[in-house]
Amino acid sequence: MAFALLRNCARSAVPLLERNSSSLAVIAGSGAPTSANLTEKHNSENLFTKTQINFVSTSVRKYSKKSSKPERAYASDSDSDSDDERTEPKNRRSQRKERGNTEFWRRKMRTLHGLLDVNKDGVISYDDFQLLTQKFKSLGHLNDQAKAEFRDIMKRTWTEQWGEVTPYNLITVEQYLADMHHVVNDKDLRKKVHRFLPYLYKAVDKDHSGSISLAEFKLFFRCLGLTEENAAVSFAVIDKNGDGQITLDEFIKLGRDFLLTENEDNVSKLFWGPLVEH
């Protein structure tokens, strides 16, 4: 490409070179060079040099414009934000402080820690994750492939967030709060925070209709160790359009908003049942 550009420049400069050469020949044939002849010769040489430079410069600029690549488009991470944060004005989003510093958010995380502590010994262990997975699998609504995927997702969630699978890796409430604080403030981790939710949904979607009713939502709460009364109250609040059904998209959004939002008016606060007092 560079060779072709120089060749074109050379071709375009030939006529100009010939004209200037003719002028120089006339001057040379007129005898001894005079002051006027020398001035004319100098001006002709300067004109030839400037014309070459301007031509090459213009051609290079045109080539650069043609060959320049479009500016890289960066994907937005808006899908990692809560529903409330996506509707915030841009100037407020840019000024948003660190997530997870309100007492309301900490209260929600303590609630979830208590639910994940399936054996109620005060800490979360990988055994608790296995027990919870088994509860949802035992409902009998997942096929063998979905069961295997669910088990793998739960194990991956554990190892990525808490490390080694050993009987001695025990997560206290305060450690869980610190770990989740890190998760909600890390863009990449926020995008993965909800990845186990579709399997919980499929496990309780008894008739595989693609939406869950109050009766099926009660199965969800039963696996969490909550009462049917808790399920009825929560379902009435989170079913905002009142159609008696919760779709997969609604289920995932509610579960994510519970983890991410600090808006106390968001209905997702009841997604995992009643919040603990302290």
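Computed from a prediction, not measured in an experiment: that's the story for all the values here.

Definitions and cut-offs
Residues numbered from 1 in each chain as written. Predicted model: local features only at pLDDT ≥ 70, side-chain atom pairs only at ≥ 80, totals over all residues. Heavy atoms only, no water. Helix = DSSP H or I, 4+ residues; strand = E, 2+ residues; numbered from the N terminus. Buried < 20%, exposed > 50% of the residue type's maximum accessible area, 1.4 Å probe, protein only. Contact = heavy atoms within 4.5 Å. Areas by Shrake-Rupley, 256 points an atom, 1.4 Å probe, with all protein chains shown as cover. UniProt positions renumbered as here; feature names shortened; annotations may be inferred. Salt bridge = Lys/Arg side-chain N within 4 Å of Asp/Glu carboxyl O. Expected span 1.5 Å × (residues − 1). Phe/Tyr/Trp six-rings, centres within 6.5 Å; stacked < 30°, edge-to-face > 60°.

When you go through the protein residue by residue, the secondary structure sums to 13 helices and two strands. Taking all 278 residues of the protein together, the buried fraction comes to 37%. Pairs at least 24 apart in sequence give 64% of the contacts found in the protein among residues at least 6 apart. For the protein, the accessible surface area stands at approximately 16600 Å², while carbon and sulfur atoms represent 53% of it.

Further remarks concern the UniProt feature "domain: EF-hand" (unreviewed entry) in the protein. In the UniProt entry, the feature "domain: EF-hand" (unreviewed entry) is given for residues 115–139 and 226–261. Within residues 115–139, the helical portion is 56% and the strand portion 0%, while the C-alpha atoms at the span's ends are 18 Å from each other. Here residues 226–261 runs as 67% helix and 6% strand, with 23 Å between its end C-alpha atoms.

Take the pattern of salt bridges next. Note on pairing: side chains with opposite charge can pair once their charged atoms come close. Following the criterion strictly, the structure yields six salt bridges and no others. Its salt-bridge partner being Glu103, residue Arg110 comes within 2.4 Å of it at the nearest N-O pair.

The next point concerns unusual backbone geometry. Here the phi dihedral of Lys120 falls at roughly 55°; this positive angle occurs in a residue that is not glycine. For Lys120, the location among the structural elements is in the loop between α5 (103–116) and α6 (126–137). Look at His208: it is not a glycine, yet its phi comes out positive at around 55°. Relative to the helices and strands, His208 resides in the loop between α10 (197–204) and β1 (211–212). You can call His208 exposed: its relative accessible area is 56%.

With that settled, the discussion passes to helix α8 (residues 173–184). Given 3.6 residues per turn, any residue in an α-helix points the same way as the ones three and four places further on. Between its terminal C-alpha atoms α8 stretches 16 Å, which fits the 16 Å expected from 12 residues at 1.5 Å a residue. Every buried residue belonging to α8 is among Tyr176, Leu177, Asp179, Met180, His181, Val183 and Val184, and all of these are buried. The inward-facing, buried residues of α8 abut α5, α7 (144–162), α9 (187–192) and α13 (248–260).

Glancing now at the packing of aromatic side chains. Across all of its chains, the model carries 19 aromatic pairs by this definition. Ring centres 5.8 Å apart and planes at 5° place the aromatic pair Phe150 and Tyr199 in the stacked group. On the criterion of sequence distance, the pair formed by Phe150 in helix α7 and Tyr199 in helix α10 is long-range, its members being 49 residues apart. Summarising the burial analysis for this pair, Phe150 and Tyr199 share the class buried. Measuring from centroid to centroid gives 5.6 Å for Phe220 and Phe271, while their planes differ by 50°, and the two rings are tilted. In this pair, Phe220 sits in helix α11 (residues 214–223) while Phe271 sits in the segment after α13, placing the two residues 51 residues apart along the sequence. Accessibility expressed as a relative area gives 0% for Phe220, which makes it buried. In this structure Phe271 comes out as buried when scored by relative accessible area, which is 0%. An aromatic cluster of at least three residues, connected via ring pairs, comprises Phe136, Phe150, Tyr199, Tyr201, Phe217, Phe220, Phe221, Phe235, Phe251, Phe258, Phe271 and Trp272.

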